[in-house]
Amino acid sequence: MSKNIDPRQEAVRETVKDFAEKEIYPVSRELDQMPEPRKFPRELYRKIGQAGFIGLAMPEKYGGQGKSHVEYITLIEELCYHDAGIGLLCAVAELATYPILNFGSDEQKEKYVPDCASGKIIPAFVLTEPEAGSDAANQKTIAVENGNEYVINGEKIFIMHGDVADLAVLFCKIDGKPKINTMLVDTNQPGWKARTLKNKMGMRAATTGGIHLTDVKTPTGNLLGEFGKGFRYAMQTLDSARVGVAAQGVGIAQRALDESVAYSKKRQAFGAPIAKLQAIQWMIADMATRLEAARCLTYKAAMKQDNGERFSLEAAMAKLYAAETANFCVDRAMQIHGGYGFIGEFSIIEKLYRDQRVLEIYEGTSEVQRLVIAGNVIGR
Ligand code: COS
């Protein structure tokens, strides 16, 4: 059964396999098990950038590789097959760079995108607030215009790489007006106080931050795109990122399936490998079928993105289904492995279980995806 819809995907899979052997497996366990306070893996992040992964689907003019989104989501799928937390390092970098690339001026793109793509600087997509998660429009962070700069106050939470970011792609309101805006903010200033959130369940290679902004300043020229279009920019960015989350789910589900097939062929019970038992076969059949469906939805969304068509519906369907599929497949894998799945020293299943859970939460919960899908299908 081929995983590919396009022969170019095979080259991506091979590249990631080589990278995983050299750069992921030697550090994977250490990054997952690191005691608090956790440290962001800067060296690995830089290697991911230098390998061209962050900028895979970005234009060559801005330091990218000019590849398709289908190739990019294959990259995320494959990275997450080997280590989802490490795959997330790449996905977050792409998410945060997307608004600059798609809504920024030529000058902003030239100034920031090549350094984001190479991993030289760490950007963060700074949207979520304590009371603005699913209700993303309920932004309380306010920028006040003062001469040629904005002075920003507010609080942000659950920001991937927000604890270590050099550059924030920040969403907020300006002068209390209702529309949301997007602006670029240099985090290297005293009013920017960020901390690493502790005791994260999974996806531990990529850190998550909480941020307090007190009189943080940025030039008015750092407004991204048009005034008042910030919510739309956030939603368009999330459409793209949701396909990436779907790819994370496909990678994790594939790993759960492969581990389960290999284990069930070697594990003996009642005088034969457990793969001979119909109970196990049915679990494997359900996993394989759901995985195939999740992969098809994911690639279809990426193909629509490559065609320049609106793909909000397909992204929501792919994210919803692939996240639930990862959950299903890892749960079945745990059942097949029994104690050898539950105890992390024996297999990767325990890590997969922790890593997959956030897929139904971040970048729009499963409930939000259902809202988006229903809105598209029923009409508003
Ligand atoms: N692409 C382009 N424009 C979009 C869009 C998209 N995907 N989604 C919404 N818009 C536009 C709409 O067209 C509308 O524009 P007008 O005001 O010009 O008519 C505007 O944005 C508001 O749209 P809508 O009314 O659908 O927004 P809602 O407030 O109803 O959105 C949900 C509700 C829940 C869907 C939205 O807030 C959401 O996705 N929340 C989850 C946020 C999230 O994923 N957070 C994770 C944090 S990032 S890790």
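Structural data are supplied above this passage.
1. Regarding helix α6 (residues 230-266)
Reasoning step 1: With 37 residues, α6 should reach 54 Å at 1.5 Å per residue; the first-to-last C-alpha distance of 54 Å fits that figure.
Reasoning step 2: Burial within α6 is extensive, with 27 of its 37 residues counted as buried.

2. Thoughts on the environment of E43
Reasoning step 1: Along the polypeptide, E43 turns up in helix α2 (residues 42-50).
Reasoning step 2: Separated by 76 residues in sequence, E43 and G119 place their C-alpha atoms 9.4 Å apart.

3. Re a negative patch on the surface
Reasoning step 1: A cluster of acidic residues, E10, E14, D18 and E21, forms a negative patch at the surface.
Reasoning step 2: With respect to the helices and strands, the residue E10 is situated in helix α1 (residues 8-33).

4. Considering the nonpolar core
Reasoning step 1: One finds I48 and L75 to be the most contacted residues of the largest nonpolar core, which totals 96 residues.
Reasoning step 2: Judged by nonpolar contacts, the second largest core, of 18 residues, contains A124, A168, C172 and M183.

5. Here's the deal with the packing of aromatic side chains
Reasoning step 1: Inspection of every chain in the model, using the stated rule, returns seven aromatic pairs.
Reasoning step 2: Judged by centre distance (5.0 Å) and plane angle (80°), the rings of Y340 and F346 are edge-to-face.
Reasoning step 3: For Y340, a relative accessible area of 39% gives the class partly exposed.
Reasoning step 4: Taking relative accessible area as the criterion, F346 reaches 48% and is therefore assigned partly exposed.

6. Focus: a nonpolar patch on the surface
Reasoning step 1: Residues Y340, F342, I343 and F346 make up a contiguous nonpolar surface patch of roughly 440 Å² in combined accessible area.
Reasoning step 2: Residue position: Y340 is located in helix α9 (residues 339-342).

7. Side note on the pattern of salt bridges
When their charged atoms lie close together, side chains carrying opposite charge are able to pair.
Reasoning step 1: Following the criterion strictly, the structure yields 19 salt bridges and no others.
Reasoning step 2: Between R354 and E350 there is a salt bridge, with its nearest N and O atoms 2.8 Å apart. One end of the pair is R354 and the other is E350, both in helix α10 (residues 349-356) and four residues apart, which spans about a single turn.

8. So, the side chain of D163
Reasoning step 1: Position of D163 relative to the elements: it lies in the loop between β3 (149-160) and β4 (167-174).
Reasoning step 2: It is R42 that comes nearest to the buried, bridge-free D163 among opposite-charge side chains, at 7.9 Å.
Reasoning step 3: Here the side chain of D163 touches T207 through a polar contact of 2.8 Å, side chain to side chain.
Reasoning step 4: In this structure, D163 is in contact with A194, R195, T196, T207, T208 and G209, ignoring residues within four places of it in sequence.

9. Some words on the site of the ligand
Reasoning step 1: Within the structure, the ligand sits among 19 residues, and S134, R232, D239, R242 and G364 are positioned closest to it.
Reasoning step 2: Here an oxygen atom of the ligand and a side-chain polar atom of R232 are 3.0 Å apart.
Reasoning step 3: D239 has a polar side-chain atom sitting 2.8 Å from a nitrogen atom of the ligand.
Reasoning step 4: Contact with the protein chains removes 68% of the 1,000 Å² of surface that the ligand exposes when unbound.
Reasoning step 5: Those elements that provide at least two residues to the shell around the ligand are α6 and α11 (366-378).
Reasoning step 6: No other element matches the seven residues that α6 contributes to the shell around the ligand.
Reasoning step 7: When residues of the shell around the ligand are assigned to domains, at least three fall in each of domain 2 (124-228) and domain 3 (231-379).

10. So, the packing of α6 against α10
Relative placement of two packed helices is described by the angle separating their axes and the distance separating the axes.
Reasoning step 1: At a minimum axis distance of 11 Å, the contact between α6 and α10 shows a crossing angle of 160°. It follows that α6 is roughly antiparallel to α10 by the angle criterion. Every pair of crossing elements has a handedness; the one defined by α6 and α10 is left-handed. When α6 is examined against α10, the residues I252, R255, A256 and E259 are found in contact with a partner set consisting of I349, L352, D355 and Q356.
Reasoning step 2: Considering only residue class, the contact of α6 with α10 consists of four nonpolar, one polar and three charged.

11. Thoughts on unusual backbone geometry
Only a minority of non-glycine residues have a phi that is not negative, and only a minority of peptide bonds are not trans.
Reasoning step 1: The omega torsion across E36 and P37 is -5°, close enough to zero to call that bond cis.
Reasoning step 2: When you line up the elements, P37 lands in the loop between α1 and α2.
Reasoning step 3: One non-glycine residue, F158, lies in the positive phi region at around 55°.
Reasoning step 4: Within the fold, F158 resides in strand β3.
Reasoning step 5: Taking relative accessible area as the criterion, F158 reaches 58% and is therefore assigned exposed.
Reasoning step 6: Backbone geometry at D175 places phi at a positive 50°, although glycine is not the residue there.
Reasoning step 7: In this structure, D175 sits in the loop between β4 and β5 (180-186).

So, how was this worked out
- Residues numbered from 1 in each chain as written.
- Predicted model: local features only at pLDDT ≥ 70, side-chain atom pairs only at ≥ 80, totals over all residues.
- Heavy atoms only, no water.
- Helix = DSSP H or I, 4+ residues; strand = E, 2+ residues; numbered from the N terminus.
- Expected span 1.5 Å × (residues − 1).
- Buried < 20%, exposed > 50% of the residue type's maximum accessible area, 1.4 Å probe, protein only.
- Patch = residues over 30% accessible without salt bridge, like charges linked within 9 Å, V, L, I, M, F, W, Y side chains within 5 Å.
- Areas by Shrake-Rupley, 256 points an atom, 1.4 Å probe, with all protein chains shown as cover.
- Salt bridge = Lys/Arg side-chain N within 4 Å of Asp/Glu carboxyl O.
- Lys, Arg positive; Asp, Glu negative; His and termini not counted.
- Charge placed at Lys NZ, Arg CZ, Asp CG, Glu CD.
- Core = buried A, V, L, I, M, F, W, Y, C linked by side-chain atoms within 4.5 Å.
- Phe/Tyr/Trp six-rings, centres within 6.5 Å; stacked < 30°, edge-to-face > 60°.
- Polar contact = N/O pair within 3.5 Å; in protein donor to acceptor, adjacent residues only side chain to side chain.
- Contact = heavy atoms within 4.5 Å.
- Near = heavy atom within 4 Å.
- Domains from an automatic or database assignment.
- Axes fitted to C-alpha atoms, helices over the stretch in contact; angles between N-to-C directions.
- Parallel < 35°, antiparallel > 145°, perpendicular 65-115°, else oblique.
- Left-handed = near helix turned anticlockwise from the far one by under 90°.
- Nonpolar A, V, L, I, M, F, W, Y, C, P; charged D, E, K, R; others polar.

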